[in-house]
Amino acid sequence: MNAAPHVAVIGGGVAGASVAYVLGRAGARVTLIDSGQHAASRVPSALLNPVRGQSGKVDPQAVAGLRQTWAWVGELARAGEKVPCGREGVLRPVPDGRTREKFVRHLPPPTDLPHVWLAPADAPAPLAPGWAHALWLPEGGWLDGAAFTAALRRASGARVVRARATGWAARGVTLEGGESLAADAVVWCGGAVGSGWAGEGGVYRAGSLLLLDRAPSPVPLSFGAYVAPAASGGVLGATFEAPTPTWAPPRLPLGSLAWLLGKGLALTPDLRGPQVTGRWSGTRLSGLRCGQGEDGVWRLAGLGSKGFLLGPLLAQALAQELLGRAARPAAPGALPVA
């Protein structure tokens, strides 16, 4: 490769935009192939919550990922890009002592991840009756997924091709209609929609947010479902539909709507006031793939619900490895793989 490698990135969601951002800032020439179907990355209010699920698990890279994402929000702001967000923390109510013990087992020391346990009455937002404890995570928060992703794409300086990729290899991409695009390296970040189009198996899980005319809580609340502020109003949502082995357009059955409303009312009594103004639905793909495959194609996909928590961090690691290999001369007689 030359001093400025040309990299084709397939997928314009948070994974692809993050890879393009790192590569572009490092001086690579980037072509971003974006079909515009990255629904999961358009989430109106994405939680930046390092303590996950109803058992409080903490991914080994969650703290670094959280700080990387907030650092990028700051970089984008200094570049003139506005990303609506709230860095006022995340509140995790828990129902009983046994659940709290699970959380405690998974939590890193407060010196690594600041946190404090509160009595529900002392929480920074009203909680519905029945919660035994509340975990306060002051470094957490929310951000507008669509705005963050769009800002990364713009700031990357990438040439954006609005098309669907139908085939890819280590050195090129085929677009719908038969056009070929050559590159020094290809990074596939197709997400749930792209993987579904490609017929790839995996664990696909759909979820929905109800868009509200005002935020039911001044800070995000999360246990089973979540309520949070948004750029306009607030949201109530969850990734809750049964997992499937293939992708399908997400929907919100009436039974799921009732479940979601019940979960929201169990979090906060202030959910009774806001009015529903719309709905967002998306599908997430689990089963992380990050790095170069045997076919020479680089991949960042399968982030599940951690796209905004881990996507920037993993994109930075992948891009640095890709550029490092690009800078190393091939061994005598060897064929380059990226």
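Structure shown above.
Undergrad: Requested: an account of the sheet that holds strand β14 (residues 180-182), with residues and values cited.
TA: The sheet built from three strands is open, its strands ordered β12-β13-β14 with antiparallel pairing. Edge positions in the sheet fall to β12 (165-169) and β14, since each has one partner strand and no second. On average, each strand axis in the sheet is tilted by 15° relative to the strand beside it, whichever way the strands run.

Undergrad: Lay out helix α6 (residues 254-267) with the relevant residues and their values.
TA: The terminal C-alpha atoms of α6 lie 20 Å apart, and with 14 residues this matches the ideal 20 Å at 1.5 Å per residue to within 8%. Along α6, the residues classified as buried are Ser-256, Leu-260, Gly-264 and Leu-267. Viewed end-on, α6 has its buried residues packed into an arc of 75°, placing them on one side of the element. Those residues of α6 that are exposed and aimed more than 90 degrees away from the buried face are Leu-254 and Gly-255. Against β7 (90-94), β16 (203-212), β17 (221-223), β18 (225-229) and β19 (234-238) lie the buried residues of α6.

Undergrad: Break down the packing of helix α2 (residues 62-78) against helix α4 (residues 145-156) for me, with residues and values.
TA: For the pair α2 and α4, the least separation of the axes is 11 Å and the interaxial angle reads 60°. Relative to α4, α2 is oriented oblique. Viewed along their axes, α2 and α4 form a crossing whose handedness is left-handed. Note on element contacts: α4 touches α2 through Phe-148, Ala-151, Leu-152 and Ala-155, opposite Thr-69, Trp-72, Val-73 and Leu-76. Per-class residue counts for the contact of α2 with α4 are seven nonpolar, one polar and no charged.

Cut-offs applied
- Residues numbered from 1 in each chain as written.
- Predicted model: local features only at pLDDT ≥ 70, side-chain atom pairs only at ≥ 80, totals over all residues.
- Heavy atoms only, no water.
- Pairing = 2+ DSSP bridges.
- Helix = DSSP H or I, 4+ residues; strand = E, 2+ residues; numbered from the N terminus.
- Axes fitted to C-alpha atoms, helices over the stretch in contact; angles between N-to-C directions.
- Expected span 1.5 Å × (residues − 1).
- Buried < 20%, exposed > 50% of the residue type's maximum accessible area, 1.4 Å probe, protein only.
- Arc of directions from axis to C-beta.
- Contact = heavy atoms within 4.5 Å.
- Parallel < 35°, antiparallel > 145°, perpendicular 65-115°, else oblique.
- Left-handed = near helix turned anticlockwise from the far one by under 90°.
- Nonpolar A, V, L, I, M, F, W, Y, C, P; charged D, E, K, R; others polar.

Note that all results are geometric; they support no functional claim without further evidence.
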